[in-house]
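# Structural characterization, general
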Amino acid sequence: MPQRPLDILIVGGGIAGCCAAIALTRTGHRVRIVEKQEAWRFQSSGIFVYANGLESLGKLGLLEDILAAGFPVPEGRNAYYDHLGQPIVETFYPTADASRIPAILGIKRAEMHRVMAGRVAALGVPVQLGTTVTELKDGAGGVTATLSDGSVARVDLVIAADGVRSATRALIGIEVAPRYSGVGVWRAVHRRPPELTDKIMMMGPAKRFGIIPISDELLYTFGTVAEPGDSYYAPDDWPRLMAARFAEFTGPAAPFLAELGAGTEVLYTAVEEIVLPLPWHRGRVQLIGDAAHASTPFMGQGGAMAMQDAVILADALSAHDALETALTAFGRARFPVCAFVQDVSRAVGEAGARETGDPSARHAEMRATAQDKVDGFYDRLHTLTEAGGFGL
Ligand SMILES: Cc1cc2nc3c(=O)[nH]c(=O)nc-3n(C[C@H](O)[C@H](O)[C@H](O)COP(=O)(O)OP(=O)(O)OC[C@H]3O[C@@H](n4cnc5c(N)ncnc54)[C@H](O)[C@@H]3O)c2cc1C
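This is a predicted model, so every value here is computed, not measured.

Rules used in this analysis
Residues numbered from 1 in each chain as written. Predicted model: local features only at pLDDT ≥ 70, side-chain atom pairs only at ≥ 80, totals over all residues. Heavy atoms only, no water. Helix = DSSP H or I, 4+ residues; strand = E, 2+ residues; numbered from the N terminus. Buried < 20%, exposed > 50% of the residue type's maximum accessible area, 1.4 Å probe, protein only. Contact = heavy atoms within 4.5 Å. Areas by Shrake-Rupley, 256 points an atom, 1.4 Å probe, with all protein chains shown as cover. Lys, Arg positive; Asp, Glu negative; His and termini not counted. Charge placed at Lys NZ, Arg CZ, Asp CG, Glu CD. Near = heavy atom within 4 Å. Polar contact = N/O pair within 3.5 Å; in protein donor to acceptor, adjacent residues only side chain to side chain. Core = buried A, V, L, I, M, F, W, Y, C linked by side-chain atoms within 4.5 Å. Arc of directions from axis to C-beta. Salt bridge = Lys/Arg side-chain N within 4 Å of Asp/Glu carboxyl O. Pairing = 2+ DSSP bridges. Expected span 1.5 Å × (residues − 1). Bend = angle between axes of the 7 residues up to and from the residue. Phe/Tyr/Trp six-rings, centres within 6.5 Å; stacked < 30°, edge-to-face > 60°.

What follows deals with the overall build of the protein chain. A tally of helices and strands in the protein chain yields 11 helices and 19 strands. For the protein chain, the C-alpha atoms occupy an extent of roughly 65 × 40 × 35 Å along the three principal directions. In the protein chain, which comprises 392 residues, the proportion classed as buried is 55%. Within the protein chain, contacts between residues separated by at least 24 positions form 74% of all contacts whose residues are at least 6 apart in sequence. Roughly 16,000 Å² of accessible area belongs to the protein chain as shown, and the carbon and sulfur atoms make up 54% of that amount. Taken together, the 36 basic and 44 acidic charged side chains of the protein chain have centroids lying 3 Å from each other.

What follows is the structure in structure tokens.
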């Protein structure tokens, strides 16, 4: 328990905001959330959560409910194919405790949020939907936050969990423009054939197409491809465009691409990242999640980083009486981990979108090195996370 329970305002009720609300309430603080959406309305599509993110969900007491709502990939198996459906190699993702924590969980985003928001409500955390912060005044004794409904909240700490385009970040004078990665991601949700249980990655010519189960009934497909920075595509056209972008993919992708049409849930996202040096706080206002360190999605780690942020921020506030010391310690613990994820993910994404040349050389290299790369990434991630302390 902290020496003094803090009054905390969280801006944004996504993965980072909900997880922070849960972690901080469980460690004795008084928390409220403002969320700009008028109603909980979460983007379609799925997300995969690797063992490190699931461990954080375990610390938040959410693991069982999240596992029940998603689909654990057997043995953490990731099967690679070329774009015509020829097998290349299989890799297996690690987990320290396979009996309790799967190596990879696929889950529908809306389902994950239903579990998180349900726990926030069960803990009695007030959530004001359709509300944001319009002004922050940081003084010696606390922060005065003016909300968009005209009310004023006086709190000890503001947590900006308002995503890659965080308006709170700008309110505290941190000017950082999201960097466009050059890559667009096309995502869709489909019925899952019972036999499809692996995570599948198909390696196309400068494109990737992924398939992952997200429940007993559903699966999620995603395709990555270079897109111009200023591209705009009308949402009604997304199913047709997704089918056209990945038309050269056959094999396991074919039935899902064939069913893209007016009734399919499709989402297009131009991928951006936030590269921000420390400090990630100004006075009593702390950035977490994508607001501080949005990553490209090629390592599937952004959500896990947001979950870990929540756990470690609560730990840092419990470990240090002085707020400034706690927030500084939080940033120092998290920066190396999040920067590592960003760097590896950026390199993987850029290499994938720009590659030319002989795919057979790529496949030979994958057969020789793919498992070592997975293990090397997770070993390093674990080492950096442990070095940050606070028990994760
Ligand atoms: C294409 C793609 C695929 C991805 N796949 C994966 C994956 O498989 N695995 C994984 O771990 N990660 C993945 N990620 C990353 C992951 O989605 C993000 O890292 C994660 O959602 C970050 O959570 P967050 O809560 O910080 O931000 P967000 O999820 O963006 O949530 C921010 C919340 O703040 C609210 N908000 C915004 N502005 C305001 C405001 N001014 N006032 C109040 N509220 C506000 C928003 O409505 C939202 O509810 C992917 C990302 C992309 C783009």
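A separate point is the site of the ligand. The ligand sits among 29 residues. The nearest are Glu35, Phe48, Thr132, Asp290 and Gly303. At 3.1 Å from an oxygen atom of the ligand is found a main-chain nitrogen or oxygen belonging to Ile15. Contacts to the ligand include Asp290, whose side-chain N or O atom sits 2.7 Å from an oxygen atom. For the ligand, the accessible surface in isolation is 1,000 Å², of which the surrounding protein chains cover 87%.

Bringing the nonpolar core into the picture now. Counting residues in each nonpolar core, the largest one holds 104 residues, and the members touching the most others are Ile10, Leu24, Leu57, Met112, Met116 and Leu317. Grouped together as the second largest cluster of nonpolar side chains are 24 residues, Ala79, Tyr81, Ala188 and Met242 included.

Bringing helix α6 (residues 238–245) into the picture now. Three or more residues of α6 are buried, namely Trp238, Pro239, Leu241, Met242 and Arg245. Taken around the axis of α6, the buried residues stretch over an arc of 165 degrees, which confines them to a single face. Elements that come into contact with the buried residues of α6 comprise β13 (179–191), β15 (207–213), β16 (218–226), α7 (254–258) and β17 (265–273).

In this section: the pattern of salt bridges. Overall, the coordinates contain 19 salt bridges when judged by the stated rule. Put simply, Arg77 and Asp198 hold a salt bridge, and the shortest N to O gap is 2.9 Å. Note that Arg77 is positioned in strand β5 (residues 77–82) and Asp198 in the loop between β13 and β14 (199–204), a separation of 121 residues in sequence. A residue is classified by how much of its surface remains accessible, and Asp198, at 15% relative accessible area, is buried. A salt bridge links Glu227 to Arg245; the shortest N-O distance between them is 2.8 Å. A residue pair is termed long-range when its members are at least 10 positions apart, and Glu227 in the loop between β16 and α6 and Arg245 in helix α6 qualify at 18 residues. Since its relative accessible area comes to 6%, Glu227 is described here as buried. Salt bridges sharing common partners tie together Arg179, Glu273, Asp343, Arg346 and Glu350.

By the criterion of burial, strand β7 (residues 104–108) is predominantly enclosed, with five of the five residues buried. Here β7 shows no split at all, with Ile104, Gly106 and Lys108 on one side and Leu105 and Ile107 on the other all buried. Across two bridges, the pairing between strand β4 (residues 71–72) and β7 is antiparallel. In the strand pairing of β7, Phe71 is matched with Gly106.

Taken in spatial order, the six strands make up an open sheet running β8-β2-β1-β12-β19-β18, and their pairing is mixed. Strand pairing shows two members of the sheet lacking a second neighbour, β8 (127–129) and β18 (281–282), which therefore form its edges. Of the pairings in the sheet, the one linking strand β1 (residues 7–11) to strand β12 (residues 157–160) comprises four bridges and is parallel in character. If you follow Leu9 over to β12, its bridge partner there is Val158.

Right, let's get into helix α10 (residues 323–354). Taking 1.5 Å per residue, 32 residues should reach 46 Å; α10 reaches 45 Å between its end C-alpha atoms and fits that length. Along α10, the sharpest kink reaches roughly 35 degrees, centred on Arg334 and followed within four residues by the proline Pro336.

Let's shift gears to the packing of aromatic side chains. Under the definition given, this model contains 15 aromatic pairs. Look at Phe48 and Phe222: their rings are 5.6 Å apart centre to centre, the planes differ by 45 degrees, and that puts the pair in the tilted class. On the criterion of sequence distance, the pair formed by Phe48 in strand β3 (residues 46–50) and Phe222 in strand β16 is long-range, its members being 174 residues apart. Here Phe48 matches Phe222 in class, with each residue buried. Ring centres of Phe340 and Phe377 lie 5.2 Å apart, and the angle between their planes is 20 degrees; this geometry places the pair in the stacked category. Of this pair, Phe340 sits in helix α10 while Phe377 sits in helix α11 (residues 359–387), placing them 37 residues apart in sequence. Ring-pair connections join several aromatic residues into one group, and the members of that group are Phe48, Tyr50, Tyr93, Tyr220, Phe222, Phe340, Phe377 and Tyr378.

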